[in-house]
Amino acid sequence: MSVQSQIRRKTAPEIRARKGGDPIVMLTSYHAHTASLVDRYCDVILVGDSLGNVMHGFETTVPVTLEMMILQGHAVMRGSQHALVVVDMPFGSYEASKEQAFHSAARILKETHCGAVKLEGGVRMAETIAFLTERGIPVMGHIGLTPQSINTLGTFRAQGREEGSWEPIEADARAVADAGAFSVVVEAVAEPLGRKITEAIPIPTIGIGASAACDGQVLVLEDMLGLSPRVPKFVKRFGNLGPGIEEAIKGYAEEVRSRAFPGPEHVYGMKSKV
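By convention here, each chain's residues receive numbers from 1 onward along its written sequence. Confidence filtering applies because this is a predicted model: local features only for residues at pLDDT of at least 70, side-chain atom pairs given and counted only at 80 or more, and all residues used for totals across whole chains, interfaces and linings. The basis for the side-chain values is all heavy atoms of the structure; hydrogens and waters are excluded.

Peer 1: Help me understand the packing of aromatic side chains in this model?
Peer 2: Given two aromatic rings, their pairing is described by the distance between the two centres and the angle made by the two planes. The criterion for an aromatic pair is that two Phe, Tyr or Trp rings (for Trp, the six-membered ring) have centres within 6.5 Å, with stacked assigned to planes under 30 degrees apart, edge-to-face to planes over 60 apart and tilted to the rest. Under the definition given, this model contains three aromatic pairs. Relative to Phe 261, the ring of Phe 238 lies with its centre 5.7 Å away and its plane at 80°, an arrangement referred to as edge-to-face. Pair noted here: Phe 238 is in the loop between helix 10 (221-224) and helix 11 (244-257) and Phe 261 is in the segment after helix 11, with a separation of 23 residues, a long-range link. Owing to a relative accessible area of 2%, Phe 261 belongs among the buried residues under this scheme. Each member of the aromatic cluster is reached from another via a ring pair, and the members are Phe 238, Tyr 252 and Phe 261. Working rule: Lys NZ or Arg CZ, within 6 Å of ring centre, within 35 degrees of ring normal, means a charge sits over the ring. Between the NZ or CZ atom of Arg 135 and the centre of the ring of Phe 131, over which it lies, the distance is 3.6 Å. A cation over an aromatic ring shows up here: Lys 233 above the ring of Tyr 268, its NZ or CZ 6.0 Å from the ring centre. Here a strand is any run of E in DSSP of at least two residues, a helix any run of H or I of at least four, and the numbering for each starts at the N terminus. For every residue, the accessible area (1.4 Å probe, protein chains only) is compared with the maximum for its type, and the residue is labelled buried under 20%, exposed over 50%, or partly exposed between those bounds.

Peer 1: Help me out: how do you make sense of the sheet that holds strand 1 (residues 24-28) in this one?
Peer 2: Sheets are built from strands that pair by backbone hydrogen bonding, the pairs being arranged parallel or antiparallel. Whether two strands pair depends on DSSP finding at least two bridges between them. Strand order in the closed barrel formed by eight strands is 1-2-3-4-5-6-7-8, and the pairing between neighbours is parallel. Averaged over neighbouring strand pairs, the angle between their axes works out to 25° when direction is ignored. In terms of strand pairing, strand 7 (residues 205-208) meets strand 8 (residues 216-219) through two bridges, oriented parallel. Paired with Gly 207 across the bridge in strand 8 is Gln 217. Here, residues are in contact when the closest pair of their heavy atoms is within 4.5 Å. Working convention: axes come from line fits to C-alpha atoms, limited for helices to the stretch in contact. Angles between N-to-C directions cover 0 to 180 degrees. Across the sheet, helix 8 (residues 167-179) is in contact with strand 5 (139-144) and strand 6 (183-187); its angle to strand 5 comes to roughly 175°.

Peer 1: Help me understand helix 4 (residues 66-79), please; the structure alone is not making it clear to me.
Peer 2: In an α-helix, one turn spans 3.6 residues, which is why side chains three or four residues apart end up on the same side. A helix is expected to span 1.5 Å for every residue after the first. When the terminal C-alpha atoms of helix 4 are compared, their 20 Å separation across 14 residues agrees well with the 20 Å that a helix rising 1.5 Å per residue should span. The element helix 4 is extensively covered by neighbouring structure, given that 10 of its 14 residues are classed as buried. Residues of helix 4 that are buried include every one of Leu 66, Met 68, Met 69, Ile 70, Gln 72, Gly 73, Ala 75, Val 76, Met 77 and Gly 79, and no others. Elements in contact with the buried residues of helix 4: helix 2 (32-38), strand 2 (44-47), helix 3 (51-54), strand 3 (84-88) and helix 5 (98-112).

Peer 1: Looking at this structure, how should I read the pattern of salt bridges?
Peer 2: Pairs may arise between side chains of opposite charge once their charged atoms sit close together. Any carboxyl oxygen of Asp or Glu that lies within 4 Å of a side-chain nitrogen of Lys or Arg is treated as forming a salt bridge with it. Within the structure shown, the criterion is met by 17 salt bridges. Glu 134 serves as the salt-bridge partner of Arg 135, at 3.6 Å between the closest nitrogen and oxygen. Taking relative accessible area as the criterion, Arg 135 reaches 43% and is therefore assigned partly exposed. Lys 236 is paired through a salt bridge with Glu 255; the nearest N and O atoms lie 3.0 Å apart. Here Lys 236, found in the loop between helix 10 and helix 11, pairs with Glu 255, found in helix 11; they are 19 residues apart in sequence, far enough to count as distant. Accessibility expressed as a relative area gives 27% for Lys 236, which makes it partly exposed. Accessibility expressed as a relative area gives 22% for Glu 255, which makes it partly exposed. Several salt bridges share partner residues, and in doing so they unite Lys 10, Arg 18, Asp 43 and Arg 257 into one network.

Peer 1: Help me understand the UniProt feature "binding site: Mg(2+)" (unreviewed entry) in the chain in this model?
Peer 2: UniProt positions are given in the numbering used here, feature names are shortened, and annotations may be inferred rather than shown by experiment. Following the UniProt record, the feature "binding site: Mg(2+)" (unreviewed entry) maps to Asp 49, Asp 88 and Glu 120 here. A maximum C-alpha distance of 11.0 Å is found for the annotated residues, which run over 72 residues; spatially they form one tight group. If you trace the backbone, Asp 49 turns up in the loop between strand 2 and helix 3. On the basis of relative accessibility, which here comes to 5%, the residue Asp 49 falls in the buried class. Those residues within four positions of Asp 49 in sequence are excluded, and the remaining contacts are Thr 61, Val 64, Met 69, Asp 88, Glu 120 and Gln 148. In this fold, Glu 120 is placed in the loop between strand 4 (116-118) and helix 6 (126-134). When its relative accessible area of 3% is taken as the criterion, Glu 120 is described as buried. Ignoring anything within four residues of it in the chain, the contact list for Glu 120 reads Asp 49, Tyr 94, Met 125, His 142, Thr 146, Pro 147, Gln 148 and Ser 149.

Peer 1: I keep staring at the nonpolar core and nothing clicks. Help me out?
Peer 2: The tendency in soluble globular proteins is for nonpolar side chains to be buried side by side. By nonpolar core is meant a set of buried Ala, Val, Leu, Ile, Met, Phe, Trp, Tyr and Cys residues that side-chain atoms within 4.5 Å join together. One finds Leu 27, Ile 108, Leu 219 and Tyr 252 to be the most contacted residues of the largest nonpolar core, which totals 90 residues. Non-local contacts of Tyr 252, meaning those with residues more than four positions away in its chain, are made with Val 25, Met 26, Leu 27, Gln 217, Val 218, Leu 219, Met 224, Phe 238 and Phe 261.

Below is the structure:
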């Protein structure tokens, strides 16, 4: 006879069912102690490959390894009890083939006990997302600005701010949803585009520099606490180190749920025609 735990975590299907409902609150965490704080207020904890920047001082997320993600994912699982924990698949761990992606994702789930993985890419990764979800691995997508592609993008800049540039991003959103992802992060896109994507696809959108109309929001914890020396436009500082950390997380959660964050100053408008 199996013994059921009294503490039950949120699941990917439960987050999927939040489409159009109460806003989903999501923050990053890489440590057991911060995870225990974030867990009190957030629906989803992302063990992001941004740990490469935050913890290791890398200029990009590209150097992050699968072993690094598993190690920190395990720490976050030990520190949290209620939130769905999603672990990023790092650059080079899933792009070569859908089989490579399955082996990497299976390692993450088996070794961390997390509830889902996240990977970047839309149309180009749709076959891989479908392959994973058909084999029991919940996948969160990530479109718009995809930091792992920085070496081809050349710069971290908002997407979809020029007329006629929306269709590829919209196609990415549709492809991720059709492939079976339970939600999708939409990063650094023009506000009207973030709003349109949210209205158009049947899975929850998690905005980061997108739109207050998204089904949820995510930020890097260290960015919103004011620990990072440079932050993107879409970051709002909610607090400082020390006793203020929990108040900052609480304030962030309240503003996401009331749709007070992001405000107009944290999203991107369309560029005016010359």
